[in-house]
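Chains, contacts and geometry: an overview
What follows is the residue order along each chain.
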Amino acid sequence: MSALAKNYNRRKIAFKRGKGSFLYATNGKKYLDFVQGIAVNSLGHANPYLIRAINKQAKKVWHVSNAFIIPEGERLAKRLTQKTFADKVIFQNSGTEATEAAIKIARRYFYLKGKPNKNRVLCIKNSFHGRTIAAIFASGSKKMIEGFGPKAGGFDHFRFGDNKSLKKAINNKTAAIMVETVMGERGIKVIPDWWLRELRKICNKKKILLILDEVQCGIGRSGNFFAFENSRVKPDIVPIAKGIGGGFPIGAVLMTKKVASSMTPGSHGSTFGGNPLAMSVGNAVLDQIFKKGFLKNLKKISKYFHAELNKIRNAHPKLIKEVRGVGLLIGLQLCKDQKKFIQKLENNKLLTIRAGENVVRILPPLNVKKSEIDFALKIIRKVCKEIKL
Ligand SMILES: Cc1ncc(COP(=O)(O)O)c(C=O)c1O
């Protein structure tokens, strides 16, 4: 019997090693892994470049306190700001810590402006920003908060795509609007560019901050470095995690100079956040993602994947309702519960994972090969036929 608490419903499968897009299980089978730790292993399993980077750093220094200068972190922060809207970065260890930090930064920004009551954050009802106390109450999901009261105050909610409910929820205590650019856990729901621009307009008009949670959709997964880039919207604060570490736990919050000025010494911290080992891996991930042609190729390959999945959907309209997502953050929304479909894919050696609204989430590594996508498509076609019978 496992000594681990039962807070996960684990599938009965374990792995002894991975290589690129594939995982080798203890049951002797080889699986095409289109979960990749839920959009974490941006460069696949056992990437030789990342292995070299981590080994090199491990021989030098793993960890020093943030009481000292960490050159690897200085470098990673500089590269993130040079390539994005951001002027400043704070490193963390996970996505939920990054969203927590975003909330803290927004509140403190208004506090130091002499508006301590302007401290409420407005989020989409049933969104997902992580599992800390603040993050679960930010998410506004009944299921996630069950048994975890008392309520963490300071959050209001509006409905996805509903400007009326959004405008109604804003009041003079609102400090920020926080949304996932692509709602991952809740079913790969993409916030359209026009709505992102509308959110920015509302924030400007009300003089409040815009936080775009890119923990799942950021770091190249959408085909752009950030999923909001096509909209040309400039957010104030962006939490990231997952893909930036390529499997090593890294979180970060990126922000403009304006809001960063509120984060004075002692206002926030983390023992592990930004340590040399993590920062070296982060830099190695960026070396690959910033390589000329990397994102261009990702866009090309994902366009092909979406087009082929849409052909499958057209052939099976009673099974697949919609192909959702951007880049390599893909959801197949089924007409019925997706559990059987995911199990059948697994039986055929393709690993995928569920998301809300009956969605099968498909998350290949960002350097996936066309032949691997073709292999996945073959399995998906086969399963569609099997389920239809
Ligand atoms: C959009 C978003 N925000 C925050 C989180 C929380 O990240 P973590 O699980 O690393 O704490 C997740 C995790 O899936 C996420 O998808």
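Just so it is clear, the model here is predicted, and its values are computed rather than measured.

The next subject is the overall build of the chain. A tally of regular secondary structure across the chain gives 13 helices and 17 strands. On C-alpha atoms alone, the chain measures out to a radius of gyration of 21 Å, which is about the 21 Å that the 2.2 N^0.38 rule sets for 389 residues. Dimensions of the chain, computed from C-alpha atoms along their principal axes, come out at roughly 65 × 55 × 50 Å. Counting only residues that meet the buried cut, the chain has 48% of its 389 residues in that class. When contacts within the chain are restricted to residue pairs at least 6 apart in sequence, long-range pairs at least 24 apart make up 73% of them.

This paragraph deals with the site of the ligand. Taken together, 14 residues are adjacent to the ligand, and G95, T96, G130, V215 and Q216 come closest. Counting residues per element, the shell around the ligand draws most heavily on helix α4 (residues 95-112), at 3 residues. When the residues that make up the shell around the ligand are grouped by side-chain class, the tally is 3 nonpolar, 8 polar and 3 charged.

On to the environment of G28. Structurally, G28 can be placed in the loop between β2 (22-25) and β3 (30-33). Residues G28 and K16 lie 12 residues apart in sequence; the distance between their C-alpha atoms is 9.3 Å.

A few words on the packing of helix α2 (residues 48-60) against helix α10 (residues 276-289). Each pair of packed helices gets described by two things: the angle between the helix axes and the distance between those axes. Axis separation between α2 and α10 bottoms out at 9 Å; the angle between their running directions is 150°. One element, α2, and the other, α10, form an angle in the roughly antiparallel class. Considering the relative orientation of α2 and α10, their crossing is right-handed. Across the interface between the two elements, Y49, L50, A53, I54, Q57 and A58 of α2 pack against P276, L277, S280, V281, A284, V285 and Q288 of α10. Within the contact of α2 with α10, the residues separate by chemical class into 10 nonpolar, 3 polar and no charged.

Our next topic: α10. For α10, with 14 residues, the first-to-last C-alpha span of 20 Å sits near the 20 Å given by 1.5 Å per residue. On its buried face, α10 is in contact with α2, α3 (71-83) and α11 (294-315).

For the rest of this paragraph, the subject is the sheet that holds β3. If you trace the 4 strands from one edge of the open sheet to the other, you get β1-β2-β3-β15, paired in mixed fashion. Each end of this open sheet is capped by a strand with a single partner; those strands are β1 (15-19) and β15 (350-351). Looking at chain direction, β3 and β15 are connected through 2 bridges and run parallel. Residue pairing for β15: D33 is matched across the bridge by L351.

Entries for the chain in the domain assignment read domain 1 (15-33 + 293-388) and domain 2 (49-289). Measuring from the centre of the C-alpha atoms in domain 1 to the corresponding centre in domain 2 gives 28 Å. Taken residue by residue, the interface counts 20 residues in domain 1 and 18 residues in domain 2. For the side of domain 1 that touches domain 2, the secondary structure elements donating two or more residues are α11, β13 (320-326), β14 (329-334) and β17 (359-362). Broken down by element, the residue count for the side of domain 1 that touches domain 2 peaks at 5 residues, all from α11. In terms of residue class, the side of domain 1 that touches domain 2 is built from 10 nonpolar, 6 polar and 4 charged.

This part is about the environment of L334. Positionally, L334 belongs in strand β14. The exposure class of L334 is buried, given the 22 C-beta atoms found within 10 Å. For the pair L334 and E322, spaced 12 residues apart in the sequence, the C-alpha separation amounts to 7.1 Å. Apart from the residues within four sequence positions on either side, L334 is in contact with L319, I320, K321, F341, N358 and V360.

The next thing to look at is unusual backbone geometry. The linkage connecting G149 with the following residue, P150, adopts the cis geometry, with an omega of 5°. Here the phi dihedral of I188 falls at roughly 50°; this positive angle occurs in a residue that is not glycine. Take I188: it is sitting in the loop between β8 (182-183) and β9 (189-190). At N358, a residue that is not glycine, the phi angle is positive and equals roughly 60°. Take N358: it is sitting in the loop between β16 (353-355) and β17. Classification of N358 by C-beta neighbours within 10 Å gives buried; the count is 20.

What follows deals with the pairing of β2. Sheet topology places β1 next to β2; 4 bridges connect them, and they run antiparallel. Residue pairing in the sheet places G18 in a bridge with L23 of β2. Counting the residues that bridge the hairpin from β1 to β2 gives 2 residues, and of these G20 lies at a positive phi of roughly 60°. Alignment of β2 against β3, held across 3 bridges, turns out to be antiparallel. Within the sheet, the bridge partner assigned to L23 lies in β3 and is Y31.

How each quantity is defined
Here, residues in each chain are numbered from 1, in the same order as that chain's written sequence. Local features in this predicted model are restricted to residues of pLDDT 70 or higher, and side-chain atom pairs are both shown and tallied only at a pLDDT of 80 or more, whereas totals for entire chains, interfaces and linings draw on every residue. Under the scheme used here, helices are H or I runs from DSSP no shorter than 4 residues and strands are E runs no shorter than 2 residues, and both carry numbers assigned from the N terminus. Two things to know: the radius of gyration comes from C-alpha atoms, and the globule rule equals 2.2 Å times the number of residues to the power 0.38. A residue is called partly exposed when the number of other C-beta atoms within 10 Å of its own lies between 12 and 20, exposed at 12 or fewer, and buried at 20 or more, with C-beta atoms placed from the backbone. By the convention adopted here, residues are in contact when the distance between their C-beta atoms, placed from the backbone, does not exceed 7 Å. Using a C-beta atom placed from the backbone, a residue is described as near a molecule or strand when that atom lies within 6 Å of it. Basically, the charged four are Asp, Glu, Lys and Arg, the nonpolar ten are Ala, Val, Leu, Ile, Met, Phe, Trp, Tyr, Cys and Pro, and anything else, Gly included, counts as polar. Fitted lines through C-alpha atoms give the axes, limited to the stretch in contact for helices. The angle between two N-to-C directions lies from 0 to 180 degrees. An angle below 35 degrees is read as roughly parallel, one above 145 as roughly antiparallel, one from 65 to 115 as roughly perpendicular, and any other as oblique. Two helices cross in a left-handed way if the nearer one is turned anticlockwise from the farther one by less than a right angle. They cross in a right-handed way if the turn is clockwise. One less than the number of residues in a helix, times 1.5 Å, gives the span that helix is expected to have. By definition, two strands form a pair when at least two bridges between them are found by DSSP. Domain start and stop points were drawn from an automatic or database domain assignment.

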